[in-house]
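The lines below spell out each chain.
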Amino acid sequence: MTRAGQYGRILAIRNKKAIRRTAVYLEPEEARAVIAAIDRRSRNGGRDHALLLFLYNTGARVSEALAVRACDLQLERPRQVRLLGKGRKERICPLWAETASALHRLMRVQKAEDLLFRNTRGAPLTRDGVAYLLRKYVRIAAQQAPALRKRRVTPHVMRHSCAVALLQAGIDVSVIRDYLGHASVATTSRYITTNLQMKREVLEAFWKRAGLDPSAP
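This structure is a prediction, so every number in the text was calculated from the model and none was measured. (Residues numbered from 1 in each chain as written. Predicted model: local features only at pLDDT ≥ 70, side-chain atom pairs only at ≥ 80, totals over all residues. Heavy atoms only, no water.)

*Asks:* What should I look at first to understand helix H2 (residues 28-36) in this one?
*Replies:* Structural remark: α-helix, 3.6 residues per turn; residues separated by three or four positions point the same way. Listed as buried for H2 are Pro-28, Glu-30, Ala-31, Val-34 and Ile-35. Angular distribution of buried residues about the axis of H2 spans 165°; they occupy a single face of the element. Residues of H2 that are exposed and angled more than 90 degrees away from the buried face: Arg-32 and Ala-36. (Buried < 20%, exposed > 50% of the residue type's maximum accessible area, 1.4 Å probe, protein only. Helix = DSSP H or I, 4+ residues; strand = E, 2+ residues; numbered from the N terminus. Arc of directions from axis to C-beta.)

*Asks:* Quick question: what am I supposed to make of the side chain of Arg-91 here?
*Replies:* Mapped onto the elements of the fold, Arg-91 is located in strand E3 (residues 90-94). Taking the relative accessible area as the measure of exposure, Arg-91 reaches 9% and is therefore buried. A polar side-chain atom of Arg-91 sits 3.3 Å from the main-chain carbonyl oxygen of Leu-180. (Polar contact = N/O pair within 3.5 Å; in protein donor to acceptor, adjacent residues only side chain to side chain.)

*Asks:* Is there a simple way to think about the environment of Gly-85 in this case?
*Replies:* Locating Gly-85 in the fold gives a position in the loop between strand E2 (80-84) and E3. C-alpha of Gly-85 to C-alpha of Ala-60: the two residues are 25 residues apart in sequence and 8.6 Å apart in space. Among residues more than four places away in sequence, those in contact with Gly-85 are Arg-61, Glu-64 and Arg-91. (Contact = heavy atoms within 4.5 Å.)

*Asks:* Got a minute to help me understand helix H6 (residues 127-141) in this structure?
*Replies:* For H6, with 15 residues, the first-to-last C-alpha span of 21 Å sits near the 21 Å given by 1.5 Å per residue. Next to the buried residues of H6 lie H2, helix H3 (45-58), helix H4 (62-66) and helix H7 (155-168). (Expected span 1.5 Å × (residues − 1).)

*Asks:* How should I be thinking about the pairing of E3 in this particular structure?
*Replies:* One face of the sheet, then the other: side chains in a regular strand alternate in exactly this way. Side chains Arg-91 and Cys-93 of E3 all project onto a buried face; the interleaved residues Glu-90, Ile-92 and Pro-94 project onto a face where none is buried. When E2 meets E3, the two strands line up antiparallel, connected through 5 bridges. The residue of E3 that forms the bridge with Gln-80 is Pro-94. Connecting E2 to the antiparallel partner E3 that follows it, the hairpin turn spans 5 residues, and Gly-87 within it adopts a positive phi of roughly 70°. (Pairing = 2+ DSSP bridges.)

*Asks:* Got a minute to help me understand the pattern of salt bridges in this structure?
*Replies:* If the charged atoms of two oppositely charged side chains come close together, the side chains can form a pair. In total, this model carries 8 salt bridges according to the counting rule given. Salt-bridge contacts for Asp-39 lead to Arg-41; the nearest nitrogen and oxygen are separated by 3.3 Å. Among the residues examined, Asp-39 registers a relative accessible area of 36% and is labelled partly exposed. Residue classification places Arg-41 among the exposed positions, given a relative accessible area of 78%. With a shortest N-O distance of 3.7 Å, Arg-82 and Glu-90 are connected by a salt bridge. With relative accessibility at 32%, the residue Arg-82 sits in the partly exposed group. Taken together, the salt bridges that share partners define one network made up of Arg-61, Glu-64 and Arg-91. (Salt bridge = Lys/Arg side-chain N within 4 Å of Asp/Glu carboxyl O.)

In short, shape yes, function no, at least from these values alone.
Below you can see the structure in the form of structure tokens.
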């Protein structure tokens, strides 16, 4: 081959190493504050409450949430939703009773094949629409939780927040992988390195084990 040498030099070029930034997430109390900021009595308050609860409960990608139809839900026990993820892979996620109740109120005006989350004109909500709604409620919640003012909270942050909350609850990483629809457990493991609270707990345990804690015998 006349260009073998050129091809070899191209293949020898090292991949550029990009900085892998830590995942941004909300602590459970911060996520609850954002959800509580919604006025459910307003025109779209019920929809917005159901949407943010759904994102935090399931850890769904925003594209997965916006593709959910009424027929994908089972709101009686066992409460669950069928999600269609990357690569057309289906997975089942359990729903909290609170989430199921919020979705049930939303479904009263929905047909089985209708997309669940729609705007005031009846058209499907968009990714940008969800991002706008989330930013609005974060601004409101920041009045009571000032730490939120420094956060750029996107719909994907709700997914990260779900993963971290599961980790903090002691759920095995392989279970969280299936819950979130990750292709590899390596993707899920990044939340372990991200979670500052778990690092604090490890440090405190080490502190006590080393006999440096004043309360230690």
